[in-house]
Amino acid sequence: LSRRKTGKSALMQRLYNIVFHKNDKVVPFYYEIKETNQWLGTFAKDFFLNFIFQYIAFQTRNSEYLSISQSFKNALKICDKEGLDYLIERIKSAYDCYMEEDTYFLWEIARETPRNIAGITDESVVQMIDEFQYINRFICRDKNCEKPIKNLGGSYLHTVEYKIAPLLVSGSWVGWLMDDLSRMLPGRFVYKPMGNMPQHEAI
């Protein structure tokens, strides 16, 4: 919890790099929720594919997978090539939901995938979600992005309890985030205020 430009994202990204390069049984996942209106289908697709490609990069130790075009087609092709067969049916299910515009089930798949995969592979996934407060303000149920889903963060009520895929979330709008967490996810998080990062650390 802290205002803008205090180093929250830098801290998360550093943690991501440390965990990635440690190459232990903890898989890092970093995602920033954008401060712009998005249809739920687009958001869920982006969230899902970001996780899949970060997971593939971690398992193959090939960081090039972090920078290629993120599409369902590419994900399926790479999983087949790399022998990550246990991801294929999940990717196909997400693709089918996206094409059918079944946005709520697509979000269910996207949100649950990190902990489901961790359970299959006997690993842990640390989920770092930056600017979490935007999930209730910029994700919309309609393609015209006129109807924000004001309680979407509450969909994590069950998901966040799994120790194999814990969440580390940040927020620049501290009041928004604390209000959201206390109303929709009570007792699920420990609050940590953060001051300015020292200059030498920021550099």
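Please refer to the structure higher up on the page.
Draft legend 1. Local environment of the pairing of strand β1 (residues 26-32). Across the seven residues that make up β1, a large majority, five, are buried. When β1 meets strand β3 (residues 124-130), the two strands line up parallel, connected through seven bridges. Following the sheet pairing, Phe29 is matched in β3 by Gln127.

Draft legend 2. Fine view of the packing of aromatic side chains. For the coordinates displayed, the defined rule picks out 19 aromatic pairs. An angle of 80° between the planes, with centres 5.9 Å apart, marks the rings of Phe20 and Phe58 as edge-to-face. Placement of the pair is Phe20 in helix α1 (residues 8-22) and Phe58 in helix α2 (residues 40-60), with a sequence separation of 38 residues. The same class applies to Phe20 as to Phe58, namely buried. Where Phe43 meets Trp107, the ring centres are 5.2 Å apart and the plane angle is 40°; that geometry is what we call tilted.

Draft legend 3. Main features of the sheet that holds β3. Taken in spatial order, the three strands make up an open sheet running β1-β3-β5, and their pairing is parallel. Each edge of the open sheet carries a strand with a single partner, namely β1 and β5 (167-169). Each neighbouring strand pair of the sheet contributes to a mean axis angle of 15°, computed without reference to strand direction. Alignment of β3 against β5, held across three bridges, turns out to be parallel. Paired with Ile129 across the bridge in β5 is Val169. Of the strands in this sheet, β1 and β3 touch α2, which is tilted by about 145° from β1.

Reading the values: rules and limits
- Residues numbered from 1 in each chain as written.
- Predicted model: local features only at pLDDT ≥ 70, side-chain atom pairs only at ≥ 80, totals over all residues.
- Heavy atoms only, no water.
- Buried < 20%, exposed > 50% of the residue type's maximum accessible area, 1.4 Å probe, protein only.
- Helix = DSSP H or I, 4+ residues; strand = E, 2+ residues; numbered from the N terminus.
- Pairing = 2+ DSSP bridges.
- Phe/Tyr/Trp six-rings, centres within 6.5 Å; stacked < 30°, edge-to-face > 60°.
- Axes fitted to C-alpha atoms, helices over the stretch in contact; angles between N-to-C directions.
- Contact = heavy atoms within 4.5 Å.

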